Amino acid sequence: MDVAHCYLEGNADAVEFCPHDGYQHVLAASTYTLQEGEQPIRAGSISLFDVNAEKGNLELFHRVNTAGIFDIKWSTVGANAAPLLAQADADGYLRIYSLEGSSNEEKPRGGFLNEVSGERISSSMCLFLDWNPLATSISVGLSDGSVSIITIAESGIEKLQEWKAHDFELWTTCFDIHQPQLVYTGSDDCKFSCWDIRDSPSERVFQNSKVHKMGVCCIAKSPTDPNTILTGSYDEYLRVWDLRSISRPVNEASVCLGGGVWRIKPHPFVPGLVLAACMHNGFAIVKIGEKKPEVVEAYSQHGSLAYGADWQRAKISPGGKSKSTTVATCSFYDRLLRLWMPKTDICCI
(Lines give C-alpha, C1' and ligand atoms only; values in the text may rest on other atoms or scores of the structure.)
Protein backbone atom coordinates (compact mmCIF):
# COMPACT_ATOMS: atom_id res chain seq x y z
CA MET A 1 0.00 0.00 0.00
CA ASP A 2 1.53 3.30 -1.09
CA VAL A 3 1.71 5.90 1.68
CA ALA A 4 3.59 8.89 0.23
CA HIS A 5 6.32 9.82 -2.20
CA CYS A 6 8.55 12.71 -3.24
CA TYR A 7 11.41 13.48 -5.59
CA LEU A 8 14.88 14.33 -4.34
CA GLU A 9 17.11 16.96 -5.92
CA GLY A 10 19.73 14.36 -6.94
CA ASN A 11 20.03 10.69 -7.87
CA ALA A 12 18.75 8.76 -4.83
CA ASP A 13 20.90 5.90 -3.55
CA ALA A 14 20.29 5.29 0.18
CA VAL A 15 17.51 5.59 2.76
CA GLU A 16 17.88 4.96 6.49
CA PHE A 17 15.31 5.20 9.29
CA CYS A 18 16.76 6.32 12.61
CA PRO A 19 16.60 3.33 15.00
CA HIS A 20 16.89 5.30 18.26
CA ASP A 21 13.93 5.66 20.61
CA GLY A 22 12.31 9.05 20.25
CA TYR A 23 13.73 9.52 16.75
CA GLN A 24 12.17 6.64 14.83
CA HIS A 25 10.04 9.05 12.82
CA VAL A 26 13.22 10.47 11.22
CA LEU A 27 14.16 9.19 7.75
CA ALA A 28 17.47 10.12 6.08
CA ALA A 29 17.87 9.92 2.29
CA SER A 30 21.10 10.52 0.37
CA THR A 31 22.01 11.32 -3.23
CA TYR A 32 24.92 10.98 -5.64
CA THR A 33 24.91 12.99 -8.88
CA LEU A 34 27.76 13.09 -11.38
CA GLN A 35 27.98 16.51 -13.01
CA GLU A 36 29.99 15.85 -16.16
CA GLY A 37 32.39 18.30 -17.76
CA GLU A 38 36.09 19.01 -18.12
CA GLN A 39 36.34 18.64 -14.37
CA PRO A 40 33.52 16.30 -13.31
CA ILE A 41 31.88 17.05 -9.97
CA ARG A 42 30.34 14.36 -7.78
CA ALA A 43 27.69 16.21 -5.80
CA GLY A 44 25.34 14.88 -3.15
CA SER A 45 23.02 15.66 -0.28
CA ILE A 46 21.37 14.29 2.84
CA SER A 47 17.68 15.04 3.37
CA LEU A 48 15.84 14.43 6.64
CA PHE A 49 12.11 13.69 6.66
CA ASP A 50 9.46 13.47 9.36
CA VAL A 51 7.48 10.28 8.67
CA ASN A 52 4.01 9.45 9.93
CA ALA A 53 2.66 6.61 7.79
CA GLU A 54 -0.79 6.52 9.39
CA LYS A 55 -1.33 10.17 8.42
CA GLY A 56 0.45 9.80 5.08
CA ASN A 57 3.11 12.33 6.08
CA LEU A 58 6.55 12.55 4.44
CA GLU A 59 7.73 16.03 5.38
CA LEU A 60 11.18 17.39 4.58
CA PHE A 61 12.62 19.34 7.52
CA HIS A 62 16.36 19.54 6.82
CA ARG A 63 18.84 19.18 3.97
CA VAL A 64 22.62 19.45 3.80
CA ASN A 65 24.64 19.57 0.57
CA THR A 66 27.65 17.25 0.43
CA ALA A 67 30.00 15.47 -1.91
CA GLY A 68 28.43 12.56 -3.80
CA ILE A 69 27.33 9.98 -1.22
CA PHE A 70 27.58 6.23 -1.62
CA ASP A 71 26.27 5.25 1.80
CA ILE A 72 24.80 6.57 5.06
CA LYS A 73 24.15 4.75 8.35
CA TRP A 74 22.72 5.74 11.72
CA SER A 75 24.71 4.68 14.78
CA THR A 76 23.62 1.47 16.47
CA VAL A 77 21.17 1.63 19.36
CA GLY A 78 23.44 -0.27 21.77
CA ALA A 79 25.62 2.79 22.17
CA ASN A 80 23.15 4.44 24.62
CA ALA A 81 24.00 7.81 23.14
CA ALA A 82 22.35 10.43 20.95
CA PRO A 83 21.90 9.41 17.29
CA LEU A 84 24.83 9.88 14.94
CA LEU A 85 24.67 9.65 11.15
CA ALA A 86 27.77 8.56 9.23
CA GLN A 87 28.41 9.39 5.57
CA ALA A 88 30.77 7.65 3.10
CA ASP A 89 31.44 9.78 0.03
CA ALA A 90 33.14 9.98 -3.35
CA ASP A 91 35.83 12.38 -2.10
CA GLY A 92 37.20 9.74 0.28
CA TYR A 93 35.69 11.35 3.39
CA LEU A 94 33.99 9.75 6.35
CA ARG A 95 31.78 12.36 8.03
CA ILE A 96 29.86 12.03 11.29
CA TYR A 97 26.80 14.16 12.10
CA SER A 98 24.83 14.46 15.32
CA LEU A 99 21.05 14.83 15.11
CA GLU A 100 20.04 17.90 17.06
CA GLY A 101 16.56 18.77 18.35
CA SER A 102 14.40 16.21 16.56
CA SER A 103 12.96 13.88 19.20
CA ASN A 104 9.28 12.97 19.45
CA GLU A 105 8.90 15.22 22.47
CA GLU A 106 9.83 18.33 20.48
CA LYS A 107 6.94 20.41 19.14
CA PRO A 108 7.04 21.06 16.29
CA ARG A 109 9.17 18.12 15.24
CA GLY A 110 12.20 19.19 13.27
CA GLY A 111 15.91 19.37 13.84
CA PHE A 112 19.13 19.45 11.90
CA LEU A 113 22.41 17.62 11.30
CA ASN A 114 25.50 19.04 12.96
CA GLU A 115 28.85 17.76 11.64
CA VAL A 116 30.92 16.67 14.62
CA SER A 117 33.85 15.15 12.72
CA GLY A 118 35.02 14.58 9.18
CA GLU A 119 38.27 13.23 7.79
CA ARG A 120 39.55 12.29 4.36
CA ILE A 121 40.48 8.71 5.17
CA SER A 122 41.52 7.70 1.64
CA SER A 123 42.44 8.98 -1.81
CA SER A 124 39.99 6.35 -3.07
CA MET A 125 36.20 6.68 -2.89
CA CYS A 126 34.39 5.52 0.26
CA LEU A 127 31.70 3.13 -0.98
CA PHE A 128 30.09 1.60 2.11
CA LEU A 129 30.16 1.82 5.90
CA ASP A 130 28.99 -0.18 8.89
CA TRP A 131 28.95 0.62 12.63
CA ASN A 132 30.05 -1.93 15.20
CA PRO A 133 27.42 -2.85 17.85
CA LEU A 134 28.72 -0.33 20.42
CA ALA A 135 29.04 2.50 17.85
CA THR A 136 32.72 2.91 18.75
CA SER A 137 34.10 1.85 15.35
CA ILE A 138 33.14 2.00 11.68
CA SER A 139 34.33 -0.25 8.86
CA VAL A 140 34.58 1.46 5.47
CA GLY A 141 34.83 -0.21 2.05
CA LEU A 142 36.99 1.61 -0.51
CA SER A 143 37.03 1.70 -4.30
CA ASP A 144 40.61 0.37 -4.47
CA GLY A 145 39.57 -2.88 -2.73
CA SER A 146 40.78 -1.87 0.72
CA VAL A 147 38.85 -1.77 3.99
CA SER A 148 39.46 0.74 6.78
CA ILE A 149 38.62 0.34 10.46
CA ILE A 150 37.91 3.72 12.02
CA THR A 151 37.52 4.42 15.72
CA ILE A 152 35.09 7.08 16.97
CA ALA A 153 36.28 9.16 19.92
CA GLU A 154 35.46 12.53 21.49
CA SER A 155 38.54 13.99 19.81
CA GLY A 156 37.34 12.87 16.37
CA ILE A 157 37.88 9.89 14.11
CA GLU A 158 41.09 7.89 13.86
CA LYS A 159 42.12 5.17 11.44
CA LEU A 160 43.01 2.03 13.41
CA GLN A 161 44.06 -0.04 10.41
CA GLU A 162 43.58 -0.43 6.67
CA TRP A 163 44.44 -3.32 4.41
CA LYS A 164 44.01 -4.48 0.82
CA ALA A 165 41.19 -6.99 1.18
CA HIS A 166 40.12 -7.42 -2.47
CA ASP A 167 41.29 -6.90 -6.03
CA PHE A 168 38.48 -4.55 -7.11
CA GLU A 169 35.85 -2.24 -5.59
CA LEU A 170 34.88 -3.25 -2.08
CA TRP A 171 31.11 -2.70 -2.23
CA THR A 172 30.20 -3.94 1.23
CA THR A 173 31.59 -4.50 4.70
CA CYS A 174 29.80 -5.76 7.80
CA PHE A 175 30.66 -6.20 11.47
CA ASP A 176 29.50 -9.47 13.00
CA ILE A 177 26.95 -8.22 15.56
CA HIS A 178 27.49 -11.35 17.69
CA GLN A 179 31.29 -11.43 17.36
CA PRO A 180 32.31 -7.83 16.61
CA GLN A 181 35.98 -8.74 16.26
CA LEU A 182 34.97 -10.24 12.90
CA VAL A 183 34.43 -8.11 9.79
CA TYR A 184 32.97 -9.46 6.54
CA THR A 185 33.75 -7.96 3.12
CA GLY A 186 32.42 -8.40 -0.42
CA SER A 187 33.77 -7.06 -3.69
CA ASP A 188 33.56 -6.79 -7.46
CA ASP A 189 36.14 -9.61 -7.54
CA CYS A 190 33.27 -12.03 -6.64
CA LYS A 191 34.89 -12.89 -3.31
CA PHE A 192 33.20 -13.06 0.10
CA SER A 193 35.70 -12.79 2.98
CA CYS A 194 35.93 -12.61 6.76
CA TRP A 195 38.67 -10.95 8.83
CA ASP A 196 39.67 -10.98 12.50
CA ILE A 197 40.54 -7.37 13.39
CA ARG A 198 42.11 -8.28 16.75
CA ASP A 199 45.26 -8.83 14.71
CA SER A 200 47.06 -5.99 12.94
CA PRO A 201 47.15 -6.40 10.06
CA SER A 202 43.86 -8.27 10.23
CA GLU A 203 44.00 -12.02 9.74
CA ARG A 204 41.79 -13.54 7.06
CA VAL A 205 39.42 -16.10 8.59
CA PHE A 206 37.99 -17.29 5.27
CA GLN A 207 37.57 -16.31 1.64
CA ASN A 208 34.99 -17.83 -0.69
CA SER A 209 35.65 -17.18 -4.38
CA LYS A 210 33.60 -19.96 -5.98
CA VAL A 211 29.92 -19.35 -5.17
CA HIS A 212 29.15 -15.80 -6.36
CA LYS A 213 29.19 -15.60 -10.16
CA MET A 214 29.42 -11.79 -10.14
CA GLY A 215 30.39 -9.07 -7.65
CA VAL A 216 29.24 -9.24 -4.03
CA CYS A 217 27.13 -6.12 -3.32
CA CYS A 218 25.83 -6.56 0.24
CA ILE A 219 26.27 -8.63 3.40
CA ALA A 220 23.95 -8.77 6.42
CA LYS A 221 24.29 -10.83 9.57
CA SER A 222 21.04 -12.27 10.90
CA PRO A 223 20.13 -10.30 14.06
CA THR A 224 18.46 -13.35 15.62
CA ASP A 225 20.58 -16.32 14.45
CA PRO A 226 24.33 -16.03 15.20
CA ASN A 227 25.05 -18.84 12.73
CA THR A 228 23.38 -17.22 9.68
CA ILE A 229 24.65 -14.53 7.33
CA LEU A 230 23.18 -13.30 4.03
CA THR A 231 24.88 -12.06 0.87
CA GLY A 232 23.53 -10.32 -2.21
CA SER A 233 25.22 -10.23 -5.61
CA TYR A 234 25.04 -8.72 -9.08
CA ASP A 235 24.29 -12.30 -10.19
CA GLU A 236 20.74 -11.70 -8.84
CA TYR A 237 20.91 -14.23 -6.00
CA LEU A 238 20.27 -13.71 -2.30
CA ARG A 239 22.28 -16.40 -0.51
CA VAL A 240 21.98 -17.85 2.98
CA TRP A 241 25.19 -19.02 4.65
CA ASP A 242 25.75 -21.30 7.65
CA LEU A 243 28.64 -20.00 9.76
CA ARG A 244 28.93 -22.81 12.29
CA SER A 245 32.24 -23.76 10.71
CA ILE A 246 33.59 -20.20 10.56
CA SER A 247 36.64 -21.11 8.47
CA ARG A 248 34.48 -22.88 5.85
CA PRO A 249 31.01 -21.29 5.66
CA VAL A 250 28.39 -23.28 3.78
CA ASN A 251 26.04 -21.71 1.22
CA GLU A 252 23.00 -23.70 2.26
CA ALA A 253 20.25 -21.94 0.29
CA SER A 254 19.61 -19.21 -2.28
CA VAL A 255 16.83 -17.48 -4.20
CA CYS A 256 16.96 -15.57 -7.49
CA LEU A 257 15.42 -12.10 -7.15
CA GLY A 258 15.51 -11.17 -10.83
CA GLY A 259 17.89 -8.24 -10.43
CA GLY A 260 21.23 -7.49 -8.85
CA VAL A 261 20.81 -7.65 -5.06
CA TRP A 262 22.22 -4.27 -4.01
CA ARG A 263 20.92 -4.00 -0.42
CA ILE A 264 19.45 -6.43 2.11
CA LYS A 265 17.88 -5.32 5.40
CA PRO A 266 16.69 -7.84 8.01
CA HIS A 267 13.41 -6.86 9.66
CA PRO A 268 14.04 -5.23 13.07
CA PHE A 269 11.52 -7.47 14.92
CA VAL A 270 10.34 -10.36 12.70
CA PRO A 271 12.94 -13.15 12.53
CA GLY A 272 13.87 -14.38 9.06
CA LEU A 273 12.21 -11.53 7.14
CA VAL A 274 14.41 -9.55 4.75
CA LEU A 275 13.88 -6.47 2.55
CA ALA A 276 15.95 -6.46 -0.65
CA ALA A 277 16.71 -3.79 -3.25
CA CYS A 278 17.02 -5.61 -6.57
CA MET A 279 18.34 -2.93 -8.94
CA HIS A 280 16.54 -3.56 -12.28
CA ASN A 281 13.73 -5.56 -10.64
CA GLY A 282 12.37 -3.32 -7.90
CA PHE A 283 12.16 -4.43 -4.28
CA ALA A 284 11.32 -7.75 -2.62
CA ILE A 285 10.39 -9.03 0.83
CA VAL A 286 11.92 -12.45 1.37
CA LYS A 287 11.21 -15.03 4.05
CA ILE A 288 14.30 -16.92 5.22
CA GLY A 289 13.23 -20.13 6.95
CA GLU A 290 14.22 -23.75 7.36
CA LYS A 291 13.28 -24.39 3.75
CA LYS A 292 14.33 -22.54 0.60
CA PRO A 293 14.01 -18.74 0.87
CA GLU A 294 10.89 -17.42 -0.83
CA VAL A 295 9.66 -14.05 -2.02
CA VAL A 296 6.49 -13.20 -0.11
CA GLU A 297 5.95 -9.79 -1.73
CA ALA A 298 7.38 -7.70 -4.56
CA TYR A 299 7.18 -3.93 -4.96
CA SER A 300 7.57 -2.46 -8.44
CA GLN A 301 6.41 1.16 -8.16
CA HIS A 302 9.83 2.59 -9.02
CA GLY A 303 10.92 3.31 -12.58
CA SER A 304 14.69 3.20 -12.15
CA LEU A 305 17.51 1.32 -10.40
CA ALA A 306 16.33 0.13 -6.97
CA TYR A 307 19.12 1.08 -4.58
CA GLY A 308 17.95 2.19 -1.14
CA ALA A 309 15.61 0.33 1.22
CA ASP A 310 14.87 0.24 4.94
CA TRP A 311 12.26 -0.74 7.53
CA GLN A 312 10.96 1.75 10.09
CA ARG A 313 11.71 0.56 13.64
CA ALA A 314 8.30 1.47 15.12
CA LYS A 315 6.76 -1.52 16.88
CA ILE A 316 3.97 -3.46 15.16
CA SER A 317 0.65 -3.26 17.02
CA PRO A 318 -1.48 -6.32 16.07
CA GLY A 319 -4.57 -4.84 17.72
CA GLY A 320 -4.22 -1.40 16.15
CA LYS A 321 -4.08 0.14 12.72
CA SER A 322 -0.43 -0.72 12.11
CA LYS A 323 -0.27 -4.47 11.45
CA SER A 324 2.70 -4.03 9.18
CA THR A 325 5.94 -2.07 9.06
CA THR A 326 6.50 1.11 7.08
CA VAL A 327 9.10 0.70 4.34
CA ALA A 328 11.13 3.43 2.63
CA THR A 329 12.64 2.78 -0.80
CA CYS A 330 14.44 4.94 -3.35
CA SER A 331 15.50 4.63 -6.98
CA PHE A 332 18.46 6.26 -8.65
CA TYR A 333 17.90 8.02 -11.97
CA ASP A 334 14.27 9.04 -11.39
CA ARG A 335 15.26 10.45 -7.94
CA LEU A 336 12.16 8.92 -6.39
CA LEU A 337 11.63 8.28 -2.67
CA ARG A 338 8.59 6.21 -1.65
CA LEU A 339 6.94 5.18 1.60
CA TRP A 340 4.77 2.06 1.53
CA MET A 341 3.27 -0.64 3.70
CA PRO A 342 3.58 -4.30 2.71
CA LYS A 343 0.24 -5.89 1.76
CA THR A 344 1.34 -8.97 3.64
CA ASP A 345 0.42 -9.10 7.33
CA ILE A 346 3.95 -9.06 8.75
CA CYS A 347 2.75 -10.46 12.08
CA CYS A 348 1.53 -13.66 10.42
CA ILE A 349 4.62 -14.52 8.37
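Residues numbered from 1 in each chain as written. Predicted model: local features only at pLDDT ≥ 70, side-chain atom pairs only at ≥ 80, totals over all residues. Heavy atoms only, no water.

Asks: Residue-level account of the nonpolar core, with values.
Replies: Formed by 18 residues in total, the largest nonpolar core has its most connected members in L27, F49, L58, L337 and L339. When residues of this core are traced back to their parent elements, those giving at least two are β1 (2-7), β2 (12-17), β3 (26-35), β4 (41-52), β27 (327-331) and β28 (336-340). Sequence-distant contacts of L339, defined by excluding residues within four places in its chain, comprise D2, V3, A4, F17, L27, V51, N57, L58, T326, V327 and A328. (Core = buried A, V, L, I, M, F, W, Y, C linked by side-chain atoms within 4.5 Å. Buried < 20%, exposed > 50% of the residue type's maximum accessible area, 1.4 Å probe, protein only. Helix = DSSP H or I, 4+ residues; strand = E, 2+ residues; numbered from the N terminus. Contact = heavy atoms within 4.5 Å.)

Asks: Could you give me a rundown of the sheet that holds strand β20 (residues 237-242), with the residues and numbers involved?
Replies: Taken together, 4 strands build an open sheet; the order of strands is β18-β19-β20-β21 and the sheet is antiparallel. Edge strands, defined here as strands with exactly one partner in the open sheet, are β18 (216-221) and β21 (250-256). On average, each strand axis in the sheet is inclined to that of its neighbour by 20°, with strand direction left out of account. Relative to β21, β20 runs antiparallel, the two being bridged by 6 bridges. If you follow D242 over to β21, its bridge partner there is V250. (Pairing = 2+ DSSP bridges. Axes fitted to C-alpha atoms, helices over the stretch in contact; angles between N-to-C directions.)

Asks: Report on unusual backbone geometry, specifying residues and quantitative values.
Replies: Cis geometry is found at the peptide bond from S200 to P201, where omega equals 5°. Within the secondary structure layout, P201 lies in the loop between β16 (192-196) and β17 (203-208). Not every positive phi belongs to a glycine, and M279 is a case in point at roughly 50°. Along the chain, M279 falls in the loop between β23 (273-277) and β24 (283-287). Of note in this structure, R335 is not a glycine but carries a positive phi near 60°. Its location among the elements puts R335 in the loop between β27 and β28.

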